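Breakdown of the fold
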Amino acid sequence: MERTHEQIIKFVTACDELISAKYAAAEKRIADVLKAVAGGKELENLFSAVTRNFDYAKAKRSYLRFPAFAGAAHGAAYLPAERGDVLAFVFCLLVEFDAGAMPLGDFLLRYFYVDGSYTASYMQFAERMIVPFRDIVKSCFPESLNRTVGEELREKESEALSAAGEWAEAESSRAAQSDRNVGEKVAAEVMLSQIKTAVGRNDAAAAKALLCGYRYFLLYSGAPSEAAEGAKICFEAL
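Residues numbered from 1 in each chain as written. Predicted model: local features only at pLDDT ≥ 70, side-chain atom pairs only at ≥ 80, totals over all residues. Heavy atoms only, no water.

Quick word on the state of the cysteines
The condition that has to hold: Disulfides are defined as pairs of cysteine sulfur atoms found within 2.5 Å of each other. With a 1.4 Å probe rolled over the protein chains alone, any residue whose accessible area is under 20% of its type maximum counts as buried; one over 50% counts as exposed, and the rest are partly exposed.
As enumerated under the stated definition, the model contains zero disulfides in all. Here C212 is not cross-linked by a disulfide; its sulfur's nearest cysteine counterpart is in C234, at 13 Å. We classify C212 as partly exposed; its relative accessible area is 30%.

Here's what the structure looks like:
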């Protein structure tokens, strides 16, 4: 589930950046969306399924329309009615843009023309095609997107606590083998033991306070700079 969550978030973020991008940056953002699809097994499976029997050539004739009368300069683009076809159609368009088979600028001025402006035409394209495309994918993975900010923060805190515990264990060995006097060794072990206890009960606040104190103890006692730096890194992670 964690891996799926990361993949979907990366895809949605890439789509958001494509939607909000300036026209000049659009080609790179399109490439980012396609990379996000290629980087996730679940997304690859989704787009493989929707494009498997999709007739893209026929879809272009149906949804990219150009007036038949003489002198017409601009057409109009539409989306299919079926959600799966929307995904397939927009995905295939993005692949064509990325490959250079269909220049994005020409496409915009042909089907999303707004006063001859690439910027305005691009904004209309993003709103009418990329937003629905993104939202349909989001609806396919509700569980991956419904994780709360609190859950993510708790996961990060748990990882930071685990790292602090591992560091405290290694620091205990280093401190015991150092050339400090007995009093400093005892003080170090007392603080490190309390850090490990705080980690064991998932008390991030206590662990952070103890790490702060231990770091200043190291600085005061003239311990190697890498030891104090390790304490600082664990402190800041919490």
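Resuming the write-up.
Quick look at unusual backbone geometry
Put simply, the rule reads: The helix and strand labels rest on DSSP assignments: H or I over at least four residues marks a helix, E over at least two residues marks a strand, and numbering proceeds from the N terminus.
Although it is not a glycine, D115 sits at a positive phi angle of roughly 55°. In this fold, D115 is placed in the loop between α6 (104-111) and α7 (118-140). Positive phi values are uncommon outside glycine, yet N202 reaches one of about 60°. Assessed through its relative accessible area of 56%, N202 is described here as exposed.

Quick word on the nonpolar core
Applied cut-off: In this description, a nonpolar core means a group of buried Ala, Val, Leu, Ile, Met, Phe, Trp, Tyr and Cys residues linked to one another through side-chain atoms lying within 4.5 Å. Should any heavy atoms of two residues lie within 4.5 Å, those residues are considered in contact.
The biggest cluster of nonpolar side chains holds 47 residues, and the ones touching the most others in it are F11, F47, L94, F107 and F133. Sorting the residues of this core by element identifies α1 (2-20), α2 (26-38), α3 (41-51), α4 (56-63), α5 (83-99), α6 and α7 as the ones contributing at least two each. Element by element, the count of residues in this core is highest for α5, at 10 residues. When sequence neighbours within four positions are dropped, the list of residues in contact with F107 reads L64, L93, F97, M102, F112 and F125. In this structure, A168, L192, L218 and C234 belong to the second largest nonpolar core, which totals 24 residues.

Some thoughts on a nonpolar patch on the surface
Applicable threshold: Put simply, a patch holds well-exposed residues, over 30% relative accessible area, that have no salt bridge, with like charges counted together within 9 Å and Val, Leu, Ile, Met, Phe, Trp or Tyr side chains within 5 Å. For the area figures, the Shrake-Rupley method with a 1.4 Å probe applies, and any residue is considered shielded solely by the protein chains shown. When a carboxyl oxygen of Asp or Glu lies within 4 Å of a side-chain nitrogen of Lys or Arg, that pair is called a salt bridge.
A surface patch of nonpolar side chains, about 280 Å² in accessible area, is lined by V182, V186 and V190. With respect to the helices and strands, V182 occurs in helix α10 (residues 182-200). On the accessibility criterion, V182 (65% relative accessible area) is exposed.

Some words on the confidence of the model for the protein chain
Applied cut-off: Per-residue confidence from the predictor is reported as pLDDT, which spans 0 to 100.
Mean pLDDT over the protein chain: 87, with 92% of residues reaching 70 or higher. The least confident element of the protein chain is helix α8 (residues 142-145), whose mean pLDDT is 66; the most confident is α5, at 97.

A few points about the packing of aromatic side chains
The criterion, for reference: Whether two aromatic rings pair depends on their centres lying within 6.5 Å, for rings of Phe, Tyr and Trp, where Trp uses its six-membered ring; planes under 30 degrees apart make the pair stacked, over 60 edge-to-face, and the rest tilted. Two thresholds decide whether a charge sits over a ring: the Lys NZ or Arg CZ must be within 6 Å of the ring centre and within 35 degrees of the ring normal.
Scanning all chains against the criterion turns up 16 aromatic pairs. With a centroid separation of 6.3 Å and an interplanar angle of 50°, the aromatic rings of F11 and F47 are classed as tilted. Note that F11 is positioned in helix α1 and F47 in helix α3, a separation of 36 residues in sequence. Following the ring pairs from residue to residue traces out a cluster consisting of F97, F107, Y111, F112, Y122 and F125. In this structure, K208 packs its charged tip against the face of F235, placed 5.0 Å from the ring centre. Taking the ring centre of Y216 as reference, the NZ or CZ of R215 above it sits at 5.6 Å.

A few points about the pattern of salt bridges
Opposite charge on two side chains permits pairing when their charged atoms draw close. With the rule as written, the count across this model stands at nine salt bridges. Among the ionic pairs, D16 bridges to R134, the shortest N-O distance being 2.7 Å. Here the residue D16 occupies a position in helix α1, and R134 occupies one in helix α7, the gap between them amounting to 118 residues. Take R134: its relative accessible area is 15%, and that puts it in the buried class.

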